[in-house]
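Chain and residue survey
Residue strings, one per chain:
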Amino acid sequence: MHSALKNRISGPFLVVMGVAGCGKSSLGQRCAEALHIPLLEGDNFHSAASINKMRNGTPLDDVDREAWLDLLAQQLQKHPGGVVLTCSALRQRYRNRLRTAVPGLRFVFLDLTQEQARERVASRAAHLFPVSLVASQFATLEDPSLEPGVLRLDASRPLEQLLPEVVRWAQVAVSVNPQEA
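Residues numbered from 1 in each chain as written. Predicted model: local features only at pLDDT ≥ 70, side-chain atom pairs only at ≥ 80, totals over all residues. Heavy atoms only, no water.

**Comments concerning the confidence of the model for the protein chain**
Fine structural detail should not be taken from predicted coordinates in areas where pLDDT scores are low. Of all residues in the protein chain, 88% have pLDDT values of 70 or greater, and the mean over the chain is 87. Low confidence marks residues 1–9, where pLDDT is under 50. Its contacts with residues over four positions away, or in another chain, come to 18 contacts. (pLDDT = per-residue confidence, 0-100. Contact = heavy atoms within 4.5 Å.)

**Digging into the pattern of salt bridges**
Applying the stated criterion across every chain, the model contains 11 salt bridges. Among the salt bridges present, the one from Arg 30 reaches Glu 160, with a minimum N-O distance of 3.8 Å. Remark: Glu 160 occurs in helix H8 (residues 159–176) and Arg 30 occurs in helix H2 (residues 24–35); sequence separation between them is 130 residues. Residue Arg 30 is classed as partly exposed on the basis of its relative accessible area, which comes to 28%. Exposure remark for Glu 160: the relative accessible area of 56% places this residue in the exposed category. Close ionic contact of Arg 91 with Glu 142 constitutes a salt bridge, the shortest N to O distance being 3.4 Å. One end of the pair, Arg 91, is in the loop between strand E3 (83–86) and helix H5 (92–101); the other, Glu 142, is in the loop between helix H7 (134–140) and strand E5 (150–154), and 51 residues separate them in sequence. Taken together, the shared-partner salt bridges connect Asp 62, Arg 91, Arg 93 and Glu 142 into one network. (Salt bridge = Lys/Arg side-chain N within 4 Å of Asp/Glu carboxyl O. Helix = DSSP H or I, 4+ residues; strand = E, 2+ residues; numbered from the N terminus. Buried < 20%, exposed > 50% of the residue type's maximum accessible area, 1.4 Å probe, protein only.)

**Comments concerning the sheet that holds E3**
Pairing within the open sheet is parallel, and its five strands lie in the order E2-E3-E1-E4-E5. The open sheet has two edge strands with one neighbour each: strand E2 (39–41) and E5. Put simply, the sheet's adjacent strands are angled 20 degrees from each other on average, direction ignored. With five bridges connecting them, strand E4 (residues 106–111) and E5 associate as parallel partners. Residue pairing for E5: Asp 111 is matched across the bridge by Asp 154. Lying on the sheet, H5 is in contact with strand E1 (13–17), E3, E4 and E5; it crosses E4 at an angle near 150 degrees. (Pairing = 2+ DSSP bridges. Axes fitted to C-alpha atoms, helices over the stretch in contact; angles between N-to-C directions.)

Below you can see the structure in the form of C-alpha cells.
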C-alpha cells in the first residue's frame, strides 16, 4: 500500500502535535482549511476505554496508544490527496509508526511550557483531558526538533502568526518534492 499511496500524493501530510493544551486542534483546523485538505482530529479515534482512563485522571500508556496509532495510520492512508492530523505524537516511536504508514509525513510541533499547558487545559470546559494529566504528557514527550520533517513553533504565539508559517512550510515541501510531502 505504501508505494500505491506514495504514487498518488498530491497534497501535504501534516501532523500537528504536542502536549495537551498546545493548540493542536485550533491550528490543525485552520491549516486544513487553508490547505484545502481534510482534518482528522486524533482524539476522535481513542477507544472508549482510553477516554474513560483520561477522564478519570489516569495517563495512557504505550499499550493504550498502540491500537490508536494503528487506527490513525490507517486514517492517514485513506487520504492520498493530503490531510492534517491532530495527534499528541509524544514519543519518537509513535511518530515513526505514523511515518511508516505515510512516507514523508511531516510534523508541526507546538511547543509550550508545562505552566502554559496547565493554564490552557484548566480553561477548557468539558474536555476529556484533565489538568492532572499535563505533567504525565511532559514526562512522556520526546522532543522531535532534531528529527527530519519537523517544524517547531512556539505555541504561545497567536494562530494568525503560526498559520502562514505552517502553510508556507507545507507548500514548499510539496512543491520541492511532492513524493516526500
